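The lines below spell out each chain.
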Amino acid sequence: MSKPSKKLMLRALDGETLARPPFWFMRQAGRYLEEYRKVRKTAPNFLSFCHSPDLATEVTLQPLRRYGFDAAILFSDILVIPDALGQKVEFREGEGPVLEPVRSSDDLGRLSMDGLIDRMAPIFETVRRLSRDIPETTALIGFAGSPWTVATYMVEGGGSKDYQATRTWAYADPEAFGRLIDLLVDATSAYLVEQVRNGAEIIQLFDTWAGVLPEAEFRRWVIDPNARIVANLRSACPGVPVIGFPRGAGLLYEDFVRETGVDGVSLDATVPTQWASDVLQPLCTVQGNLDNILLLAGGPAMEHAVTRILDVLGRGPFIFNLGHGILPPTPPENVARVVEMIMERG
Ligand code: CP3
C-alpha cells in the first residue's frame, strides 16, 4: 500500500484510483504564457534556451506557480538528442526546427555517442535544480522523443506532412534505417538514465508521429524501440515509472501497452473515452486526453468534454492531461477553468 503522503502522480502510476486525479498539461510551459514569452526573448536561440539551467528552470516553474500542476516537466526539447549526436539542428523563428538531413549510411557515420552525456550536462543541471526547487507534492517528469519520431526530424530535416523520406528509407532499407533507430535507442536510454540519476521521478516518451505507420512497421519502429528503452530504464533505474505516448496509434494502443511494458499511456484526443476505460485502463494507468483545440475554444464544449473524461476515466487509474500540447493562442483562463473543474472532484 502506498503511503498517503506519496505524490499523487506516483500513486496514480502505481495503479491507484484517486478521487481527484493528478493533472499536468503537455507543453504547459510555452508561448501561451506571457511570462514565458518574456524569458524566451532573453535567449539568442531556442537550443541555447534549452541549455541554460537558469532560463529552463525558471520557465519550468512558471506554470506550476499559476496552476499548481501535480507534475513539472523538464523544459527542453526532443531535438536535443540529434544535436548532441553531432547533427546540425537549428530552430528558426516562425519556421520550426531545421536539420541537416541524415539519409544514408555515410550520414550515419558522422553521428556519434562519444561525449553525449557531457554535451548535455546543462540539461542535467536543470534537472538537479528542479528536483530541489519544485513543491514537495509535485513530481518531476523527465522526457525524450521516441526513436521513430526523432528519426523523422533527422531524416526529413525538419517537420513534414507525410514523412516520405523517412518512410521510404525505413521500408526500402530497414537494415540501414535500423542502425539509426538502434543509435537512438542507445542515446535516448543513456540520456534518460542520466535524467533519473539527477532527480527525474517519472519518464515520458513522446512518439508524436507513431500514427503514420502501418501495422507491421508500427511494431518494428514504434513498439520495439520503445520496449527496448523501457527495458533499459527498468534495469538501470528500477521503480521509475514510464509513460508512453504513441500518438495516433488507434487500435494499436493496446498492443503498444502490452508489449512495451509502460506503466502509463498518454492518449491522443481521438481515442474514445469508453474504449480507453474498457480496454486500456485494466492494463495500465491512462493519461489524457482533452482535445487541445477544445482548451483553446473554451466554454460549454470544453466543460462538457472535461466532465465526460473525469467521469469515465476517473473510475480507474488516471492522470488528467491533453491529447497533445497546449497551443500558443490558448487563453490562460481556459486552463484555469479546467484546473478548477478537476479540483472540484476532491
Ligand atoms: O511540455 C513542456 O512544457 C516541456 C517542453 C517541451 C517542448 N517540446 C518545448 C518547446 C516538450 C515536452 C517538447 C517535446 C517536443 N518537441 C515534441 C513532442 C511532443 C509534441 O508536442 O508533439 C516535438 C515533436 C518537438 C519538436 C519541436 N519543438 C517542434 C516541431 C517545434 C516547433 C514548433 C513550435 O511549437 O514552435 C519545437 C519548439 C518548441 N519546443 C517550443 C517549445 C516551448 C516553441 C519554441 C519557442 O518558444 O520559440
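Everything quoted here is computed from the prediction, not taken from an experiment.

### Considerations on the site of the ligand
The immediate surroundings of the ligand are formed by 22 residues, with Arg27, Arg31, Tyr36, Asp77 and His324 found nearest. Contacts to the ligand include Tyr36, whose side-chain N or O atom sits 2.6 Å from an oxygen atom. Arg40 is positioned such that a nitrogen or oxygen atom in its side chain is 2.8 Å from an oxygen atom of the ligand. Considered on its own, the ligand offers 870 Å² of accessible surface; in the complex 88% of this is hidden by protein. Listed by contribution, the elements that provide at least two residues to the shell around the ligand are helix H2 (34-40) and strand S3 (96-99).

### Things to note about the pairing of strand S2 (residues 89-92)
By the alternation rule, side chains of S2 split into Val89 and Phe91, which are all buried, and Glu90 and Arg92, of which none is buried. Pairing analysis gives 4 bridges linking S2 to S3, with the strands arranged antiparallel. Bridging from a neighbouring strand, Phe91 pairs with Pro97 of S3. Following S2, the chain reverses through 3 residues before pairing antiparallel with S3; Gly94 in that reversal takes a positive phi of roughly 75°.

### Topic: the packing of aromatic side chains
Taken as a whole and judged by the stated rule, the model has 18 aromatic pairs. Centroid distance Phe143 to Phe206: 5.4 Å. Interplanar angle 85°. Geometry classified as edge-to-face. Separated by 63 residues along the polypeptide, Phe143 in strand S4 (residues 139-145) and Phe206 in strand S5 (residues 202-207) bring together distant segments of the chain. Take Phe143: its relative accessible area is 6%, and that puts it in the buried class. Taking 6.2 Å as the distance between ring centres and 75° as the angle between the ring planes, the aromatic pair formed by Phe318 and Phe320 counts as edge-to-face. Take Phe318: its relative accessible area is 3%, and that puts it in the buried class. Three or more aromatic residues link up through ring pairs in this structure, and these residues are Phe23, Phe25, Tyr67, Phe69, Phe318 and Phe320.

### Quick notes on the side chain of Asn292
Turning to its location among the elements, Asn292 is positioned in helix H15 (residues 292-297). Using a relative accessible area of 11% as the deciding quantity, one classes Asn292 as buried. At a separation of 2.9 Å, a polar atom in the side chain of Asn292 contacts the main-chain carbonyl oxygen of Gly325. When sequence neighbours within four positions are dropped, the list of residues in contact with Asn292 reads Leu322, His324, Gly325 and Leu327.

### Thoughts on the pattern of salt bridges
This model, assessed by the stated rule, comprises 26 salt bridges. Between Glu201 and Lys7 there is a salt bridge, and its shortest N-O distance comes to 2.8 Å. Placement of Glu201 in the loop between helix H11 (174-197) and S5 and of Lys7 in the segment before helix H1 (8-13) is noted, with a sequence separation of 194 residues between them. Of the residues examined, Glu201 reaches a relative accessible area of 22% and is grouped as partly exposed. Classification of Lys7 by relative accessible area gives buried; the value is 17%. Taken together, the shared-partner salt bridges in this structure form one network comprising Asp54, Glu125, Arg128 and Arg129.

### Considerations on the environment of Gly298
Along the chain, the position of Gly298 falls in the loop between H15 and helix H16 (299-313). The buried category is assigned to Gly298, whose relative accessible area is 8%. Distance in space between the C-alpha atoms of Gly298 and Val338 is 9.1 Å, their sequence separation being 40 residues.

### Focus on the nonpolar core
The biggest cluster of nonpolar side chains holds 124 residues, and the ones touching the most others in it are Phe177, Leu180, Leu290 and Phe320. In terms of residue count, the dominant contributor to this core is H11 (12 residues). Those residues in contact with Phe320, other than ones at most four positions away along the chain, are Pro22, Phe23, Trp24, Phe25, Gly288, Leu290, Val306, Ile309, Leu310, Val338 and Ile342.

### Let's talk about the environment of Arg128
On the secondary structure map, Arg128 appears in helix H8 (residues 121-133). Note on Arg128: relative accessible area 40%, which makes it partly exposed. As a C-alpha pair, Arg128 and Thr57 span 71 residues in sequence and 9.6 Å in three-dimensional space.

### Notes on helix H10 (residues 164-172)
Restricting attention to buried positions, one finds in H10 the residues Thr166, Trp169 and Ala170. Angular distribution of buried residues about the axis of H10 spans 95°; they occupy a single face of the element. Exposed positions of H10 whose direction lies more than 90 degrees from the buried face are Gln164 and Ala172. Close packing links the buried residues of H10 with helix H6 (105-109), helix H9 (147-156), H11 and helix H12 (215-236).

### A few points about the environment of Glu100
Following the sequence through the fold, Glu100 ends up in the loop between S3 and H6. As a C-alpha pair, Glu100 and Leu205 span 105 residues in sequence and 24 Å in three-dimensional space. Apart from the residues within four sequence positions on either side, Glu100 is in contact with Gln87, Lys88 and Met154.

Conventions used here
- Here, residues in each chain are numbered from 1, in the same order as that chain's written sequence.
- It should be noted that, the model being predicted, local features are given only for residues of pLDDT at least 70 and side-chain atom pairs only at 80 or more, the latter also being counted only at that level, while totals for whole chains, interfaces and linings use all residues.
- Each side-chain value is worked out from all heavy atoms of the structure, with water and hydrogens disregarded.
- Nearness is judged by heavy atoms alone; a residue qualifies as near a molecule or strand once a single heavy atom is within 4 Å of it.
- Pairing of N or O atoms within 3.5 Å defines a polar contact, subject to two protein rules: one partner must be a possible hydrogen donor and the other a possible acceptor, and residues neighboring in sequence count only if both atoms are side-chain atoms.
- Working definition of accessibility: Shrake-Rupley area with a 1.4 Å probe, residue cover restricted to the visible protein chains.
- Strands are runs of DSSP state E lasting at least two residues, helices are runs of H or I lasting at least four, and both sets are numbered from the N terminus onward.
- Only protein chains enter the accessibility calculation, which uses a 1.4 Å probe. A residue is then buried if its area is under 20% of the maximum for its type, exposed if over 50%, and partly exposed in between.
- A pair of strands is treated as paired once DSSP finds two or more bridges between them.
- Whether two aromatic rings pair depends on their centres lying within 6.5 Å, for rings of Phe, Tyr and Trp, where Trp uses its six-membered ring; planes under 30 degrees apart make the pair stacked, over 60 edge-to-face, and the rest tilted.
- Every residue pair with non-hydrogen atoms within 4.5 Å of one another is taken to be in contact.
- In the sections that follow, a salt bridge refers to a side-chain nitrogen of Lys or Arg positioned within 4 Å of a carboxyl oxygen of Asp or Glu.
- Nonpolar cores are built from buried Ala, Val, Leu, Ile, Met, Phe, Trp, Tyr and Cys residues. Side-chain atoms within 4.5 Å join them into one set.
- Within this analysis, the arc is defined by the directions that extend from the helix axis to the C-beta atoms.

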